[in-house]
Amino acid sequence: MFGYVLRRLVSTIPVMLIVAVFVFLMLRVGPHDPAAIIAGDNANADQIAQIRQQLGLDKPLLTQLFVWLSAILHGDFGESFFFKKKVVSLIADRIEPTLALAICTSILAVVIAVPLGVVAAMRRGSMVDRLVMGFSVLGFSVPVFVIGYVLIYIFAIKFPILPVQGYSRIADGFEPFIRSIILPSLTLAVVYVALIARMTRTSVLEVLGEDYIRTAYARGLTPLQVLVRHALPNAAVPIVTVIGLGVALLIGGVVVTESVFAIPGIGRLTVDAVLARDFPTIQAIILLFSFIYVMINLIIDVSYTLLDPRIRY
Amino acid sequence: MREPAQTQTFRSLARLRVHSVLKEPAIVIPSAVLLVLVLIAIAAPWLGTIDPTLLDPTQRNKLPGFVGTTLLADGSKAPFTFHFGTDSLGRDIYSRVIYGTRISLIVGALVASVSTAFGLMIGMVAGYVRWSDGLIMRLMDGLMAIPPILLAIALVSLSRAGLAAVVIAISIPEIPRVVRLVRSVVLSIREESYVEAAITAGTPTPLLLVRHILPNCVAPLIVQATFVCASAILVESILSFLGVGIPPETPSWGNIMAAGRQYFRLFPHNILYPGICIAVTVLCVNILGDAMRDRLDPKLRKRV
């Protein structure tokens, strides 16, 4: 087990290295000259050359790559072109809303999606099943921001029970925080619910066809007992896998949702950075999100052994 | 023993024979809707539209159904009904929505073609040329570790906003998924005895790939391309909405919504109409993809 975790950890190194090299090349090989962006529109050639020298951009590409990589490993992501601040502190300032949104969305999505998927599978072909399946196709088809605006229109404009936009920090009181996070979480949860409910249904359906389920029923267990003791534990692995893969959707959705709800998180920072062509910030955000994504899926891989004793490493 | 590659593909394609397909509403209805959308896109100028980029400061933020005037090409004014209202710059939303169909369909089709073409080439190389497999797949793993929308947003920042940049930015994150699919098909097919027979008979590798391996990739690729198309239409609207996609004056559904954001509370129709259009379009493509997957490749059914 320990050896397996270690092996998996080591195997993420080349993946992250490729992400890092890709992110590095994006800026250095792309059509934009970072020195020219920093210098601004009114700079002359000498000033640009001077900045280029300061940043080490006149050195060979490979040297630059190693300098950049070693800085990152020391936690130095450089300085933002646009905000003129250290990228690390920029991200640290913005992490709370994003983290809160992601966590609330995940909880909400799992709590809604798993029961929906289970009910759909247990009542296969019924109205509920069709509704759940219909919803899951629809959930994949509506852009996140449209869902956001529809929810704002219903719950903040027609029936003004929740704030239209904005974010309230946890430190400023729990109730305003919850009120400000409900609509964004709900918005972002839709596609995640669609994904998880669909997988739960498929996975539970498959397990329900097994012999031991029939045996369990024959032993006189109630459907609920069969579900909790036999069906769900055996259906858990694919469900948990898709929750992990869905994190990519979640991260993409965060960027959009934060823009719709004017939440000052990393998603908004991403859009601002792209609009300002603030490459150090873009690089750091991609690295951060990719790292989180890879790590969550690593944790999920490792958790299989807890979910399913048949899986041994 | 499996049947020869071509026969098998023709069989699975033959399952889509016209008369049996016509019985399946999950294929007929979305296809019909998409066909109508294609016709709308082509016939946009003749559907009672005016110039979708025409600004008219005198008719800003009008509600749907407003009867006003519009400037004709010769400079004279003519009465005009704004079925979907106007946006904050006085542009006719109906015309913009109708013309916007073009961008969405073009982006969907182009991204599906580009990512499938590149994914197919890279995937065949990875699956068939043994020494390249490890290298290519590690590269693809790295690319897949970056959340797709984030990667697309970052990629558009590299060049000037435009249709080509948007198509490339959306295609790149999709390529690794196609590569994986093609590679897995190639890996299973290359062990078949008819492939070994072809090698023994001295078939040159390119011919072998095209004649024996490629036909096996067709069915799963069609299904995959459909889903790529659906997701591309969504991502395009997201990029435009965030202001990093196609230039804002170009009528695209995402751009109409981006323009309507500011006045959403008062004039929700700015977001409503293009939002419905996107949802219907993507829904049709997704339903079509699901139906084709069930028909062409029952093995894929279990995948989400």
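The rules behind these values
In this convention, every chain numbers its residues from 1, walking through the sequence in written order. Whichever chain is written first becomes A and whichever ligand is written first becomes 1, with later ones labelled in order. Note on the predicted model: pLDDT of at least 70 is required for a residue's local features to be given, and 80 or more for side-chain atom pairs to be given and counted; whole-chain, interface and lining totals, by contrast, use all residues. Side-chain measures here rest on the full set of heavy atoms in the structure, leaving out hydrogens and waters. Every helix listed is a DSSP run of H or I at least four residues long, and every strand listed is a run of E at least two residues long, numbered separately from the N terminus. For every residue, the accessible area (1.4 Å probe, protein chains only) is compared with the maximum for its type, and the residue is labelled buried under 20%, exposed over 50%, or partly exposed between those bounds. We call two residues contacting when some pair of their heavy atoms lies within 4.5 Å. In short, Shrake-Rupley with a 1.4 Å probe defines the accessible areas, and a residue's cover is counted only from the protein chains shown. Here the bounds of each domain stem from an automatic or database domain assignment. Joining two parts hides part of their accessible area as seen by a 1.4 Å probe, and the buried area is that hidden amount summed over both. Every case where a carboxyl oxygen of Asp or Glu lies within 4 Å of a side-chain nitrogen of Lys or Arg is listed as a salt bridge. Think of a polar contact as two N or O atoms within 3.5 Å of one another; within protein, one of them needs to be a possible hydrogen donor and the other a possible acceptor, and neighboring residues in sequence only count if both atoms come from side chains. Each residue gets one of three labels, nonpolar for Ala, Val, Leu, Ile, Met, Phe, Trp, Tyr, Cys and Pro, charged for Asp, Glu, Lys and Arg, and polar for the others, Gly among them. Among buried residues, the Ala, Val, Leu, Ile, Met, Phe, Trp, Tyr and Cys ones that are joined through side-chain atoms within 4.5 Å form a nonpolar core.

## Some words on the overall build of chain B
The helix and strand tally for chain B stands at 11 helices and two strands. Counting from the amino terminus, helix and strand elements in chain B follow one another as α-α-α-β-β-α-α-α-α-α-α-α-α. Taken over 304 residues, chain B has a buried fraction of 53%. Taking all contacts inside chain B whose residues are at least 6 apart in sequence as the whole, residues at least 24 apart take part in 71%. As displayed, chain B has an accessible area near 13500 Å², and 68% of this comes from carbon and sulfur atoms.

## Some details on the domain arrangement of chain A
Residues and elements named next belong to chain A. As far as domains go, chain A holds domain 1 (2-73) and domain 2 (87-312). For domain 1 and domain 2, the distance between their C-alpha centres works out to 33 Å. Buried area between domain 1 and domain 2, summed over both chains or domains, comes out near 1400 Å², and the portion from carbon and sulfur atoms is 81%. In terms of surface lost to domain 2, no three residues of domain 1 exceed Arg8, Met16 and Val23, which account for 32% of the buried area on that side. Connecting domain 1 to domain 2 are one salt bridge. Of the charged contacts in the structure, one is a salt bridge between Asp301 and Arg8, with a shortest N-O distance of 2.0 Å. Summed over the shared surface of domain 1 and domain 2, the number is two residue pairs in polar contact (both at pLDDT 80 or more). Counting residues per element, the ones that place at least two in the side of domain 1 that touches domain 2 are helix H1 (2-29) and helix H4 (61-73). Grouping the constituent residues of the side of domain 1 that touches domain 2 by class yields 14 nonpolar, two polar and one charged.

## Quick notes on the nonpolar core
In terms of nonpolar packing, the biggest core is built from 140 residues, with Trp68, Phe145 and Ile196 of chain A touching the most fellow members. Taken domain by domain, the makeup of this core includes at least three residues from each of domain 1 (2-73) and domain 2 (87-312) of chain A. Formed by 17 residues, the second largest nonpolar core is a distinct cluster that contains Met124, Val178, Ala198 and Leu208 of chain B.

## A word on the interface of chain A and chain B
Taken together, the contact pairs 46 residues of chain A with 44 residues of chain B. Buried area between chain A and chain B, both sides added, is near 3900 Å², and the carbon and sulfur share of it is 79%. Among the residues chain A hides against chain B, the three largest losses belong to Ser141, Phe145 and Tyr149 of chain A. Together they make up 16% of the total. One can count one salt bridge joining chain A with chain B. The closest approach of N and O atoms between Asp290 of chain B and Arg198 of chain A, which form a salt bridge, is 3.0 Å. Counting across the chain A and chain B interface gives four residue pairs in polar contact (both at pLDDT 80 or more). Of all the secondary structure elements, the ones that give two or more residues to the side of chain A that touches chain B are H1, helix H6 (127-139), helix H7 (144-158), helix H8 (174-208), helix H10 (223-260), helix H11 (266-275) and helix H12 (279-307) of chain A. No other element matches the eight residues that H12 of chain A contributes to the side of chain A that touches chain B.

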